[in-house]
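Inside the fold
Given next are the chains, with one letter for each unit.
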Amino acid sequence: MRNIVWLEEIDDIDAPWIGGKALNLAKMIQAHFVVPPAFCLTTAAYQDFLRHNGLLQVVQELSILPPTELETAASRVRARIGAGQWSRALRDDVLTAYARLTQTPSGTIPVAARSSATAEDLPEASFAGQQATLLNLRDERQLLRAIVECWASLWSLPAVAYRSQRLRSGKPPAMAVLVQTMVEAEAAGVAFSRHPTLGERFLCIEAAFGLGEAVVSGATEVDRYTVDRQTGLEVGPPSIAHKTHRQILARDGGLALAQVQPEQQDSRVLSPDQVQQIARAVIQLEQHLGCAQDLEWALASGQLHALQSRPVTTSAYSFFTDVLPEACPESDQGDGQIWTAGFLNER
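So, here's what we can say about the structure. As a convention, each chain's residues are numbered from 1 in the sequence order in which they are written. Local features in this predicted model are restricted to residues whose pLDDT is 70 or higher, and side-chain atom pairs enter the listing and the counts only when it is 80 or higher, whereas totals over whole chains, interfaces and linings include all residues. The basis for every side-chain value is the complete set of non-hydrogen atoms in the structure, without hydrogens or water.

1. Details of unusual backbone geometry
We note that asparagine 136 has phi near 55°; this positive angle belongs to a residue other than glycine. To qualify as a helix, a DSSP run of H or I must reach at least 4 residues; to qualify as a strand, a run of E must reach at least 2; elements of each kind are numbered from the N terminus. Summarising the element assignment, asparagine 136 is placed in strand E6 (residues 133-137). Although it is not a glycine, serine 301 adopts a positive phi angle of roughly 55°. Of note, serine 301 is situated in the loop between strand E13 (293-300) and strand E14 (303-311).

Quick look at the structure:
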């Protein structure tokens, strides 16, 4: 398998080498969703890095350790990956692809590095929030460091514990990494094709001004819109938050906060037409991928971008980090609770 593949080249047979996140994005491209350009470092690149740093056998031995020893051993592996060195050939492969992806006449486009593990974004195990994503990478040094952080996060203590509880395979997991251009969004958020608390008839959209990371990090409050899947119309009045700040791309990399204009702070993030547009997209995505989805989306210059998607896990309460008491929209199917989209902290 090659070290680098481009999203538009990926097929189902590539799944063992690219992870669930990259495969889902490739399928979205095939279904004609607008997905930001990206390439994927396959698990072959991860194996090359391990081999170059004398870690291949060490990682294989982790799969047979008892739980009492696994956490300590995984911490050591994570530290050694973080301190590892690139082979010249692999480094050249990555930087050649990076230049192809980002170099434009107007300058270098910022990118995100997103983990795409082979045991990630599965219907029975999402691994949300447990493996690294780094945003707004502005140069080669930042990108190479971010890729290593993604690889190392495969052996974070939460990820190791989650695998031991959810997955019984003795085969050690592997990590692919997506390198994807950033969308400088005016609004962004997440859409759930099945409402986690109001039932199968409804879907839910959460939105914030600026970048979608703000939806999960607590950097800003979010609007919530409930849509009837059958009619495509909003159900009851949306929950409109008081939004004082939005998240933006920082000049030197990473994210920064900017103030929302006073006249926008208590206004809707999304117009009714935009709500319907996102609702149609997430329903179409569910139909294409064959199961309920949570879709990370962004709006920029009137264009809806699909940033990534994963299957909704079987239990809403294993999926959302917090469930808080509050009145639901006008529906006799509500349970008097709202939620926070905790899975987004992985993105």
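Anyway, onward from the coordinates.
2. Some thoughts on the nonpolar core
Ranked by size, the top nonpolar core spans 44 residues in total, and within it Leu41, Ile81, Trp86, Trp151 and Trp155 carry the most contacts. Tallying contributions element by element places helix H6 (residues 140-153) first for this core, with 8 residues. Residue contacts are counted whenever heavy atoms from the two residues lie within 4.5 Å of one another. Apart from the residues lying within four places of it in its own chain, the contact partners of tryptophan 155 are Tyr46, Val59, Leu62, Ala74, Val77, Arg78, Ile81, Val160, Arg163 and Pro173. Side-chain atoms within 4.5 Å are what join buried Ala, Val, Leu, Ile, Met, Phe, Trp, Tyr and Cys residues into a set we call a nonpolar core. For every residue, the accessible area obtained with a 1.4 Å probe (protein chains only) is divided by the maximum for its type, and the residue is called buried under 20%, exposed over 50%, and partly exposed between those limits. Membership of the second largest hydrophobic core comes to 39 residues, among which are Val5, Ala26, Ala38 and Val227.

3. Focus: the sheet that holds strand E10 (residues 223-228)
Spatially, E10-E9-E8-E13-E14 is the arrangement adopted by the 5 strands of the open sheet, whose pairing is antiparallel. Looking at the sheet topology across the chains shown, the edges are occupied by E10 and E14. Taken pair by pair, the neighbouring strands of this sheet meet at an average axis angle of 20°, ignoring direction. Note on method: axes are straight lines fitted to C-alpha atoms, helices fitted across the in-contact stretch only, with angles between N-to-C directions ranging 0 to 180 degrees. Set on the sheet, helix H1 (residues 15-30) makes contact with E13 and E14; between it and E14 the angle comes to about 135°. The strands touched by helix H9 (residues 272-289) within the sheet are strand E8 (187-192), strand E9 (202-209), E10, E13 and E14, with E13 carrying the most contacts at an inclination of about 140°. Criterion used throughout: strands pair if DSSP finds at least two bridges between them.

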